[in-house]
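If you want the building blocks of each chain, they are given just below.
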Amino acid sequence: MSIFETPSLEPNPKRQRIEPVFEPNPKRQRIEPVFNNSSLSSIPCPHSYAQHGVCTACNSMIERCHYRSFNCFKDGVQIRHEAVASAKRLMTKFSYMGDKKLPLVLDLDHTLVHTTTLSSLTKTEKYLIQEAGSRHDLWLLKSDDDPVEHLIKLRPFVLDFLKEARKMFNMHVYTMGNRYYADSVLELIDPRRIYFGKRVITREESPYIKTLDLVFADERCVLIVDDTRDVWPDHKSNLVEISRYCYFRMSNDQCSRPYSEERIDESECNGGLVNVLRLLKEVHCGFFRVKEELESKDVRLLLQEIEFKRGVLQGESLIL
Ligand SMILES: [Mg+2]
Ligand SMILES: [Zn+2]
């Protein structure tokens, strides 16, 4: 199985939609729970928050099936299912009241980067192997654990995009690539993790579709940037659809010549990320325009208004 996002959206029949299981960080010391009266009785404690399987209010062991993990928010955090929505609302409000930042979820493949395997390069593209590493936007990915070598091409404007978007958003990565791949890309675009911190969701945690259930934020405030609309069946109204960035030759496109073969690239000043950033600024601005209305603001409605103003017809989506 490829380490990065595969173009096919076919659900993997082997994958079941299951609650994600987060492995605790092995470096952390295991905190032994203190058994008090409520843990000795068979009645579960009534509290909503836990860490590494232990209730933060009364130190009882929790029943994991009643809780959802949010490691991408804080290591080991678990919240009772019924309390998730209100916890998300509270946290998001705290964030936007404090530093005026909204949650933003970013896809990796064909959105921020394009990755291919070395073996799938065409003859005309082979020159790129020599250039990898000596250019700031093209990197070779090799690992002892994976015999397949990859080339990662950063999308033009990506570093400026992140720098600018960070002023308005708490950014998350959500990729259908695996954890090793996500970490490798982040090493290139956010080596000190100042943009994303631990807010990284991969296919190891996700069901076969992407869902905001795994993002610790109030859906009314979350914006998503992704090139694939269909992978977000339940959250299309939060989605800003970005044009698909294809640098290398795609196996399913034998007609047009890719940027790599033409030795050109997407525009630095009028490409997908530039246009998306402009739209994100507009939504952010609309959200915070009237302080008294913050409680009722909804990015989904703001996106609709913008699409309407731009004259996008019903059924057609705005692709930037
Ligand atoms: Mg993608
Ligand atoms: Zn408790």
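Residues numbered from 1 in each chain as written. Chains lettered and ligands numbered in written order. Predicted model: local features only at pLDDT ≥ 70, side-chain atom pairs only at ≥ 80, totals over all residues.

For helix α5 (residues 179-189), the complete set of buried residues consists of Y181, A182, S184, V185 and I189. One side of α5 holds all its buried residues, which, seen down the axis, span an arc of 160°. Turning to α5, the residues buried within the fold contact β6 (113-117), β7 (138-143), β8 (146-154), α4 (158-165), β9 (169-174) and β10 (200-201). (Buried ≥ 20, exposed ≤ 12 C-beta atoms within 10 Å, placed from the backbone. Helix = DSSP H or I, 4+ residues; strand = E, 2+ residues; numbered from the N terminus. Arc of directions from axis to C-beta. Contact = placed C-beta atoms within 7 Å.)

Here three strands make up an open sheet; going across it, the order is β6-β8-β7 and the pairing antiparallel. Strand pairing shows two members of the sheet lacking a second neighbour, β6 and β7, which therefore form its edges. Along the sheet, successive strands turn relative to each other by an average axial angle of 25°, direction set aside. Relative to β8, β7 runs antiparallel, the two sharing five bridges. The residue bridging L140 from the neighbouring strand is L151, located in β8. Running at roughly 35° to β8, α5 makes contact with β6, β7 and β8 of the sheet. (Pairing = 2+ DSSP bridges. Axes fitted to C-alpha atoms, helices over the stretch in contact; angles between N-to-C directions.)

Spatial ordering of the open sheet is given by β2-β1-β4-β3, a layout of four strands whose pairing is antiparallel. Taken across any chain shown, the strands that pair with only one partner, and hence form the sheet edges, are β2 (54-55) and β3 (67-69). Looking at chain direction, strand β1 (residues 49-51) and β2 are connected through two bridges and run antiparallel. From the neighbouring strand, Q51 faces β2, where its bridge partner is V54. Taken strand by strand, helix α2 (residues 81-99) contacts β3 and β4 (77-80), and its axis lies near 110° from that of β4.

What follows concerns the pairing of strand β5 (residues 102-106). Counting buried positions over the five residues of β5 gives five, a clear majority of the element. Along β5, one buried face is formed by L102, L104 and L106 and the opposite face, lined by P103 and V105, is buried too. Bridge analysis of β5 against β9 gives five bridges, and the strand direction is parallel. Bridged to L104 within β9 is M171.

For soluble globular proteins, nonpolar side chains are generally found buried alongside one another. Ranked by internal contacts, the top residues of the largest apolar core, which has 65 residues, are L102, V222 and L223. For this core, the element with the highest residue contribution is helix α7 (residues 272-287), accounting for five residues. What L102 contacts, discounting residues up to four positions off in sequence, is Y96, M168, F169, C221, L223, H284, F287 and V299. (Core = buried A, V, L, I, M, F, W, Y, C linked by C-beta atoms within 7 Å.)

Restricting attention to buried positions, one finds in α4 the residues V158, F161, L162 and A165. Along α4, the residues classed as buried sweep out an arc of 95° about the axis, all on the same side. Those residues of α4 that are buried are in contact with β5, β8, β9, α5 and α7.

So, about the confidence of the model for the protein chain. On average, the protein chain scores 88 in pLDDT, and the residues at 70 or more come to 87%. This stretch, residues 8-26, has a pLDDT under 50; its non-local contacts, to residues over four places away or in other chains, come to 17 contacts. Under a pLDDT of 50 for its full length, residues 30-40 has, in the predicted model, 17 contacts with residues more than four places off or in other chains. (pLDDT = per-residue confidence, 0-100.)

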